[in-house]
Amino acid sequence: LAYLPRKRTKKHRGKIRKFPRDDQSKEPHLTAFLGYKAGMTHIVREPERPGSKVHKKEIVEAVTIIETPPMVVVGVVGYVDTPTGMRTLTTVWAQNISQEFMRRLYKNWYRAKKKAFTKYAKSFTDGKGKEDLKRQIDKITKYASVVRVIAHTQVSKLNLRLKKAHIMEIQINGGDIASKVAFATDLLEKQISVDKVFEQSEMIDCIAATKGKGFEGVTTRWGTRRLPRKTHKGLRKVACIGAWHPANVRFSVPRAGQNGYHHRTELNKKVYRIGKGADPKNATTEFDLTQKTITPMGGFPHYGVVTQDFVMIKGCCPGVRKRPITLRKALFSSTKRAALEKISLKFIDTSSKFGHGRFQTEEEKAKHMGTVKKTAK
């Protein structure tokens with residue numbers, strides 16, 4: 001039956017319901033990040049799998065590109081454990097908060113008075129406010145059992161026609177509470193890049209709302225068997241939806257309804273590359289020395305050009321292009337050989353994803369085509 005009820009999620013941005021278990025022997029570090037799905041391409045590599053038929057042989061694999069502009073930390077939250085779960089102890093906010101964060105707090109930014117955080121920002125200027133701020137931080141250090149930062153994405157750096165930032169809490173794992181708080185307060189108003197959170201060859205989890213399909217019948221929605229050809233009144237149905245008594249339809253009987261746009265988590269996705277947006281060679285490999293960026297010719301369909309940092313993960317992930325994808329450190333550490341393998345890419349495909357792409361770069365195309373009417377001027 002998978003996950004019930006199959007209805008549209010309330011959360012457009014993937015929500016982290018559980019963070020990885022804290023290990024205090026490690027240094028304080030962030031455990032999640034937020035990116036935007038750009039599209040897919042494919043790579044060529046040689047896997048290191050002794051005993052396998054593909055050991056040290058070239059294989060082609062599909063990969064997903066997730067654009068991850070730096071996030072900005074604007075707050076620190078402390079939580080205390082109670083018999084009924086965690087409770088917020090107190091929150092400390094940054095002095096300067098960007099407009100894209102503020103826009104998320106209002107339904108209509110144009111008509112709003114835009115007064116949020118104005119009094120809070122003034123408290124930083126007088127001595128009493130600074131004392132209160134220090135008292136709040138000391139309170140978190142003394143009583144809190146979990147420390148998280150509030151961070152937002154910088155949608156202004158993307159070409160997504162978005163003005164409201166996506167906001168999320170990111171848990172800090174590693175070290176004792178005092179070092180966690182010191183780590184979090186040091187990050188306030190600073191940008192954090194994705195390479196500070198994840199690294200190449202690491203396993204991560206992807207959380208997002210899946211692609212919506214609308215109202216669909218039982219055969220597509222639940223994969224039920226089609227009825228025989230001569231069936232009266234259609235064959236993509238469930239023949240018997242239940243017994244005479246009890247005189248109701250059980251929840252476990254497949255019915256037609258909403259399919260897609262469900263909140264889903266996909267575990268253990270391998271990170272194949274973390275690229276820098278400013279690097280003009282971010283799609284170049286040791287074997288393919290052509291200077292090229294990760295954006296395919298003509299851009300990613302329905303997305304455009306990737307100009308910021310990006311994460312390349314193996315296979316697919318939930319959601320359509322442009323959708324926010326929550327990336328989390330792996331909840332369950334995988335001990336499979338494939339999970340521990342170090343990734344070395346031989347080739348990244350940057351040919352056009354719109355039609356039969358023949359060329360990897362504009363220079364290669366111009367060299368093959370020669371002088372054409374468009375370039376003759």
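Above this note sits the structure.
From a predicted model like this one, the values you see are computed outputs, not experimental measurements.

### Remarks on the packing of aromatic side chains
Here comes step 1: Across all of its chains, the model carries 6 aromatic pairs by this definition.
Here comes step 2: When the centroid spacing of 6.2 Å and the interplanar angle of 55 degrees are considered together, the rings of Phe-101 and Phe-117 count as tilted. Of this pair, Phe-101 sits in helix α1 (residues 99-103) while Phe-117 is found in the loop between α1 and α2 (118-122), placing the two residues 16 residues apart along the sequence.
Here comes step 3: For the pair Phe-117 and Tyr-120, a centre-to-centre distance of 6.3 Å together with 90 degrees between the ring planes defines the contact as edge-to-face.
Here comes step 4: A relative accessible area of 23% means that Phe-117 is categorised as partly exposed.
Here comes step 5: Ring pairing ties together the aromatic residues Trp-93, Phe-101, Phe-117, Tyr-120 and Phe-124, which thus form one cluster.
Here comes step 6: In this structure, Lys-114 packs its charged tip against the face of Trp-109, placed 5.0 Å from the ring centre.

### Observations regarding helix α4 (residues 177-187)
Here comes step 1: Buried within α4 are the following residues: Ile-177, Lys-180, Val-181, Ala-184 and Leu-187. For α4, the arc enclosing every buried residue in end-on projection is 130 degrees, short of the 170-degree limit, so these residues lie on one face.
Here comes step 2: Buried-residue contacts for α4 involve β1 (29-30), β4 (71-82), α3 (127-143), β6 (146-152), β7 (167-173) and β8 (191-192).
Here comes step 3: Looking one or two residues beyond α4, the residue adopting positive phi is Glu-189, at roughly 70 degrees.

### Points about the pattern of salt bridges
Here comes step 1: As enumerated under the stated definition, the model contains 19 salt bridges in all.
Here comes step 2: Across the pair Arg-45 and Glu-341 runs a salt bridge, and its minimum N-O distance is 2.9 Å. You can see Arg-45 sitting in strand β2 (residues 32-45) and its partner Glu-341 sitting in the loop between α6 (337-340) and β15 (345-348), a full 296 residues away along the chain. We note that Arg-45, like Glu-341, is buried.
Here comes step 3: Between Arg-49 and Glu-341 there is a salt bridge, and its shortest N-O distance comes to 3.9 Å. Placement of Arg-49 in the loop between β2 and β3 (59-67) and of Glu-341 in the loop between α6 and β15 is noted, with a sequence separation of 292 residues between them.
Here comes step 4: Of the residues examined, Arg-49 reaches a relative accessible area of 22% and is grouped as partly exposed.
Here comes step 5: Residue class for Glu-341 comes out buried when judged on its relative accessible area of 6%.

Each value, and the rule that gives it
- Within each chain, residue numbers correspond to sequence positions counted from 1 in written order.
- Confidence filtering applies because this is a predicted model: local features only for residues at pLDDT of at least 70, side-chain atom pairs given and counted only at 80 or more, and all residues used for totals across whole chains, interfaces and linings.
- Only hydrogens and water are set aside; all other atoms, that is, all heavy atoms of the structure, feed into the side-chain values.
- Each Phe, Tyr or Trp ring, with Trp reduced to its six-membered ring, pairs with another whose centre is within 6.5 Å; inter-plane angles below 30 degrees give stacked pairs, above 60 give edge-to-face pairs, and intermediate values give tilted ones.
- Here a strand is any run of E in DSSP of at least two residues, a helix any run of H or I of at least four, and the numbering for each starts at the N terminus.
- Note on exposure labels: buried denotes an accessible area under 20% of the residue type's maximum, exposed denotes more than 50%, and partly exposed covers the range between, all computed with a 1.4 Å probe on protein chains only.
- Remark: a charge is flagged as sitting over a ring if the NZ atom of Lys or the CZ atom of Arg is within 6 Å of the ring centre and within 35 degrees of the ring normal.
- Regarding the arc, it is the one traced by the directions from the helix axis to the C-beta atoms.
- Residues count as neighbours in contact if any of their non-hydrogen atoms are within 4.5 Å of one another.
- In the sections that follow, a salt bridge refers to a side-chain nitrogen of Lys or Arg positioned within 4 Å of a carboxyl oxygen of Asp or Glu.

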